Amino acid sequence: MEKYVRFEISGIALYGRLDDDLIEILDGPYWDSIRPTGKMVPLSEVKLLAPVKPSKIICVGLNYHAHVKESQSAKEAPKNPVLFFKPPTSVLEPEGGVVYPEGIDRVDYEAELAVVIGRRGVKIPESEADQYIFGYTCLNDVTARKVQKADGQWTRGKGFDTFCPVGPHVVAGIDASDLSVEAYLNGERKQYGRTSDLIFSIPFLINYISSVMTLESGDIISTGTPQGIDPMQKGDRVEVRVENIGSLFNTIV
Ligand code: MG
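Residues numbered from 1 in each chain as written. Predicted model: local features only at pLDDT ≥ 70, side-chain atom pairs only at ≥ 80, totals over all residues. Heavy atoms only, no water.

Caption draft 1: Inspection of the coordination of the magnesium ion at higher detail. For the magnesium ion, the full set of protein donor atoms is Glu110 (OE), Glu112 (OE) and Asp141 (OD), and the range of their distances to it is 2.0 to 2.1 Å. Taken in sequence order, the residues that donate to the magnesium ion follow the motif E-x1-E-x28-D. Taken together, the positions of glutamate 110 in the loop between strand S10 (107-108) and strand S11 (111-117) and aspartate 141 in the loop between strand S12 (133-140) and strand S13 (143-144) put the pair 31 residues apart, joining distant regions of the chain. Among the residues examined, aspartate 141 registers a relative accessible area of 0% and is labelled buried. (Donors = N, O, S within 2.8 Å, 3.2 Å for Na, K, Ca; no water. Helix = DSSP H or I, 4+ residues; strand = E, 2+ residues; numbered from the N terminus. Buried < 20%, exposed > 50% of the residue type's maximum accessible area, 1.4 Å probe, protein only.)

Caption draft 2: Inspection of the sheet that holds strand S15 (residues 180-185) at higher detail. Strand order across the open sheet formed by five strands is S9-S20-S19-S15-S16, with mixed pairing between neighbours. Only two strands of the sheet have a single neighbouring strand rather than two, namely strand S9 (97-98) and strand S16 (188-194). Relative to strand S20 (residues 246-252), strand S19 (residues 237-242) runs antiparallel, the two sharing six bridges. By the bridge assignment, arginine 237 is partnered in S20 with threonine 251. (Pairing = 2+ DSSP bridges.)

Caption draft 3: Representation of the packing of aromatic side chains. If you walk through the whole model with that rule in mind, you get 10 aromatic pairs. Considering the side-chain rings of tyrosine 15 and tyrosine 30, the 5.6 Å spacing of their centres and the 80° angle between planes classify their relative orientation as edge-to-face. You can see tyrosine 15 sitting in strand S2 (residues 12-19) and its partner tyrosine 30 sitting in the loop between strand S3 (22-26) and strand S4 (36-42), a full 15 residues away along the chain. Taking the relative accessible area as the measure of exposure, tyrosine 30 reaches 1% and is therefore buried. A ring pair is formed by phenylalanine 160 and phenylalanine 163, whose centres lie 5.1 Å apart and whose planes are at 50°; its orientation type is tilted. Taken together, the ring pairs in this structure connect Tyr4, Tyr15, Tyr30, Trp31 and Phe134 into an aromatic cluster. Across the ring face of tyrosine 132, the terminal group of arginine 119 is positioned such that the distance to the ring centre comes to 4.2 Å. (Phe/Tyr/Trp six-rings, centres within 6.5 Å; stacked < 30°, edge-to-face > 60°. Lys NZ or Arg CZ within 6 Å of the ring centre and 35° of its normal.)

Laid out in structure tokens, this is it:
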């Protein structure tokens, strides 16, 4: 298992491999080719950025059986994946503030496991999907729920700036087929599910999505949220925790 980060030090954004409390600086994005520089910097001296700069963020709605049951609009599991985009401008770093939009009265957390693509691919067979995955991270698919419902499609409700916290690091070399995915609000557990409950598996999604659009290295596929979604208020601290990956913390401002 390896952990990769993107971070800022002295105003410069860099990529690195995390080794306990030290970061080994890499010469370029880790997913393109891993070229260590031999330089180390303590984790405590840097500001972590979102660990990827995706060209696109493809999200899957209603992908846990238990979440379909709690959703008022969906009565049964979808026959095909429900896909939508979050814009790259919505990406937020670990510990960053999710900005509660003015005039909006319900903003929810959605804890999700996110896949980071490591190689450009088109029409990727399910059996080869693993070769296109660089690693996994935590993602909070923050949603203005009433806007999402009123609009009839999800671009505005999912797309506000800061509505896509990602991180804190990307973990490579793990099996993601049965991991717990949880959300905690002010320390209280609100969501719990396991990726073994996914309606559409990660290899299936990679095949399905890459049959439509080219996947680029650094792109994110967010696999959907388990049951237990609820609103957040200004001042709340939200945590997305994924087993074997870590915890992504943000506050609502
Ligand atoms: Mg979601």
